[in-house]
Every structure is written in structure tokens, then in C-alpha cells.
Amino acid sequence: MLLDVAVSPDDRFVLTADRDEKIRVSWAAAPHSIESFCLGHTEFVSRIFVVPNHPELLLSSSGDCTLRLWEYRSGRELHCCPLTSLQEPTEPWSDKRFAVSRITYWSQEDCVALSCDGLPVVYIFQLDAAQRQLVPRQLLTFQHRVWDAAFEEGHGLWVLQDCREDPLVLYRPVGGQWQSAPESAELRRVCAHVRVNWAMLEGCAGVDSGFSSLYKATCDNMTTYLKKKEERLQQQLEKKRRQAPPPGPNGPTKKMRAGELAQGCSS
């Protein structure tokens, strides 16, 4: 099952992400010819994104709650960042499985933003292309679920949330930190347009996680087998105890061999 598709900026490669934990890099002119596989995720790959400023680099996210950086032509993983390590353990959703639903990029500052399916957060990263790594910068939290996020060059980061009264929030960098922009005529105009089409947005977004059905079901056959084996052993021991002859006056009755029985009769 394909979950996302990307094309390299030079149109030479088609990249596909699937439920079977892999990213495939194929030649666009001959898609049956595979250039490489990017392997490392342990759950379905939810999103992939070729970095425009650095067309040799690929970002990927997965149901294993990681964001990874690849050199996709060779299939080499450059960096892996567990998203769960960036959140506070006291949050009510801290123990919840989740997947990234959107990867958006701001080329002006090599900034990466992630929105997660069904969570009220947006992760902000800095892409250090020279060091081939992702640097966590900020975790934006909201009162409502985040449906989507996107950078607009020259304006900032737009965040769409599950709240009809306040559907859009605009963030801008101030002193190295992303902060909510004050209300403006532009923000009011865009929010009014969203409210008019709210019924469509609410129906498309739904109420449940779109990725919840993609997680692999786990079945611990060994535990079940050992439990049943222990039950059978207990049943066999109980059966042997019931079949054993009752003990005599001086202790358990001892079985005599045929020769000992004959000697006792002749004497």
C-alpha cells in the first residue's frame, strides 16, 4: 500500500513510501529499475519530502514516531530523531502512538515543521545540511488538534486547527523562537474564508486518526503456547495423583514383583 509519492527536483527519480516500512527510489524513465531502498523505519512510512534546497536529501516520517534524514540515491540514513523524546511526559497524549501527517519546509531558513495526525502540536526542526543532521528547535502546543501546517515564504507558518472560532494561527520567528503573530486584517480575512467552508473541512478531517489502521497487529504466540503447555502439565499431574493407589497404614503401598509374591506364598 503506497502512502506517499515524491519526485526528485531533476525529474530523474520517483520515490514511494509504503506500509511495509520502506522507501523505494526508482528511475522515472523506467520505474521497474530500482536505484535504491531507504530501509530503517520499523512501521509504515507516512510521509516523504525531498528537500528543495538540497535535492540529494530526503526527509521521511513513520508510525514508529521518528523523523529521518536520508541520502536517497545511495539509500544511506544520515540521521534519526525520535519525536517522543522531544515531548513532555506529563502531556495527556505522551503515551499515544502517532504518525506525521505533514512535512513542510521553509527554504529561507532551512526550517522543517511537522504536524502529527490527531495531536495538538507542531514540531520545528532546523536542517543542518553541512553536518547532515536535524536539530530540534521548538515544540508548538495548541488547545485543539492540528489538522495541517504550511510555511508561506515571507509570512511565516500557518497552522490549521480543529476550532471553528479560531481555525488559523500564524507563527513568525522572533528572536530565534516561533511566536504567534498578532491579529491582522489578513489573518481575519483568511479565517473568515475558512469558517465559510468549515463543514467541508470538518467532514474531511474526521474524528479518528487516519493512520490508526495501518499499524501492524502483534500476536505473542510464544506466551500463549507456554501458558497452554503449563495448563496441560498441571492436568497430567492432577490425573496421576487421582490414579495413584491410596497409602497403606504404614505409608504408601509398595508394589511387589512377581518373584517376591511367589516366595511369600510358599513360605
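Residues numbered from 1 in each chain as written. Predicted model: local features only at pLDDT ≥ 70, side-chain atom pairs only at ≥ 80, totals over all residues. Heavy atoms only, no water.

- The protein chain is annotated in an unreviewed UniProt entry as tRNA (Guanine-N(7)-)-methyltransferase non-catalytic subunit WDR4 isoform X3 of Bos indicus.

### Some thoughts on the sheet that holds strand S12 (residues 133–141)
And then number 1: The sheet built from four strands is open, its strands ordered S9-S10-S11-S12 with antiparallel pairing. Two strands close off the open sheet at either side, each with one partner strand: strand S9 (100–106) and S12. Going across the sheet, the axis of each strand differs from the next one's by a mean of 25°, ignoring polarity.
And then number 2: Here eight bridges tie strand S11 (residues 121–128) to S12, and the two strands are oriented antiparallel to one another. Pairing of Leu-127 across the sheet is with Leu-134, part of S12. (Pairing = 2+ DSSP bridges. Helix = DSSP H or I, 4+ residues; strand = E, 2+ residues; numbered from the N terminus. Axes fitted to C-alpha atoms, helices over the stretch in contact; angles between N-to-C directions.)

### Some thoughts on the pattern of salt bridges
And then number 1: Taken as a whole, this structure holds 12 salt bridges when the rule is applied.
And then number 2: Between Arg-132 and Glu-56 there is a salt bridge, and its shortest N-O distance comes to 3.4 Å. Remark: Glu-56 occurs in the loop between strand S5 (45–50) and strand S6 (57–62) and Arg-132 occurs in the loop between S11 and S12; sequence separation between them is 76 residues.
And then number 3: Judged by relative accessible area, Glu-56 falls into the partly exposed class, the value being 32%.
And then number 4: A salt bridge links Asp-64 to Arg-68, with the shortest nitrogen-to-oxygen separation between them at 3.4 Å. When sorted by exposure, Asp-64 lands in the same class as Arg-68, which is buried.
And then number 5: Members of the salt-bridge network, linked through shared partners, are Asp-64, Arg-68 and Glu-77. (Salt bridge = Lys/Arg side-chain N within 4 Å of Asp/Glu carboxyl O. Buried < 20%, exposed > 50% of the residue type's maximum accessible area, 1.4 Å probe, protein only.)

### Side note on the packing of aromatic side chains
And then number 1: Counted according to the given criterion, the structure contains 10 aromatic pairs.
And then number 2: Ring centres of Phe-44 and Phe-211 lie 5.7 Å apart, and the angle between their planes is 15°; this geometry places the pair in the stacked category. Residue Phe-44 is found in the loop between strand S4 (34–39) and S5, and its partner Phe-211 is found in the loop between helix H2 (198–205) and helix H3 (221–243); the two are separated by 167 residues along the sequence.
And then number 3: By relative accessible area, Phe-44 is classed as buried at 0%.
And then number 4: Judged by its relative accessible area of 9%, Phe-211 is buried. (Phe/Tyr/Trp six-rings, centres within 6.5 Å; stacked < 30°, edge-to-face > 60°.)

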